[in-house]
Amino acid sequence: MVTSSTAAITREQIVSILHRYVKGLGRDNGAREDLSAFEDLDQLHSYARESMEWAVANGVLKDVPFTNATENATRAQTAQMLMNFWKKY
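Rules used throughout
Residues numbered from 1 in each chain as written. Predicted model: local features only at pLDDT ≥ 70, side-chain atom pairs only at ≥ 80, totals over all residues. Heavy atoms only, no water. Helix = DSSP H or I, 4+ residues; strand = E, 2+ residues; numbered from the N terminus. Rg over C-alpha atoms; globule rule 2.2 N^0.38 Å. Buried < 20%, exposed > 50% of the residue type's maximum accessible area, 1.4 Å probe, protein only. Salt bridge = Lys/Arg side-chain N within 4 Å of Asp/Glu carboxyl O. Polar contact = N/O pair within 3.5 Å; in protein donor to acceptor, adjacent residues only side chain to side chain. Contact = heavy atoms within 4.5 Å. Phe/Tyr/Trp six-rings, centres within 6.5 Å; stacked < 30°, edge-to-face > 60°. Core = buried A, V, L, I, M, F, W, Y, C linked by side-chain atoms within 4.5 Å.

Q: Requested: an account of the overall build of the protein, with residues and values cited.
A: The helix and strand inventory of the protein stands at three helices and zero strands. For the protein, the succession of helices and strands along the chain, N to C, is α-α-α. Expected size for 89 residues packed as a compact globule is a radius of gyration near 12 Å; at 12 Å, the protein falls within 12% of this value. Oriented by its inertia axes, the alpha-carbon framework of the protein measures out at about 30 × 30 × 25 Å. Burial statistics for the protein: of 89 residues in total, 35% are counted as buried.

Q: Which residues make up the pattern of salt bridges, and what values go with them?
A: Inspection of the entire model under this criterion finds four salt bridges. For Arg32, the salt bridge identified is with Glu50, shortest N-O distance 2.8 Å. A residue pair is termed long-range when its members are at least 10 positions apart, and Arg32 in the loop between α1 (11-24) and α2 (49-57) and Glu50 in helix α2 qualify at 18 residues. Residue classification places Arg32 among the partly exposed positions, given a relative accessible area of 30%. For Glu50, a relative accessible area of 34% puts it in the partly exposed group.

Q: Account for the side chain of Ser51, naming residues and giving values.
A: Here Ser51 is to be found in helix α2. Judged by relative accessible area, which is 4%, Ser51 ranks as buried. Here the side chain of Ser51 touches His19 through a polar contact of 3.0 Å, side chain to side chain. If we ignore the near neighbours within four places in the chain, the residues touching Ser51 are Val15, Ser16 and His19.

Q: I'd like to hear about the packing of aromatic side chains, residue by residue, with values.
A: Each aromatic ring pair is described using two quantities: the centre-to-centre distance and the angle formed by the ring planes. All chains considered together, the criterion is met by three aromatic pairs. Three or more aromatic residues link up through ring pairs in this structure, and these residues are Tyr21, Trp54, Phe85 and Tyr89.

Q: Account for the nonpolar core, with residues named and values stated.
A: Of all hydrophobic cores here, the largest spans 18 residues; its most connected members are Val15, Leu44, Met52, Trp54, Val60, Leu61 and Met81. Of all the secondary-structure elements, those providing two or more residues to this core are α1, α2 and α3 (75-88).

Right under this line is the structure:
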């Protein structure tokens, strides 16, 4: 895992940041979605699982493919996640 401050960011990392932010504000509604239907669930890092469950349940990942959540996010995917987050929170 690359930890440089200039490294690209993955979808699971973006979701983890947003989820931790909401938790820090005390606004985590506790909603979680079962991810067992996703084919690449086994590739998801353990630190990101709860955040991904939260993001799916709360629409943060709406219109953003879950497939390969460990791969770098495109600008369009990042923009969609942030827009979905902004609408909800």
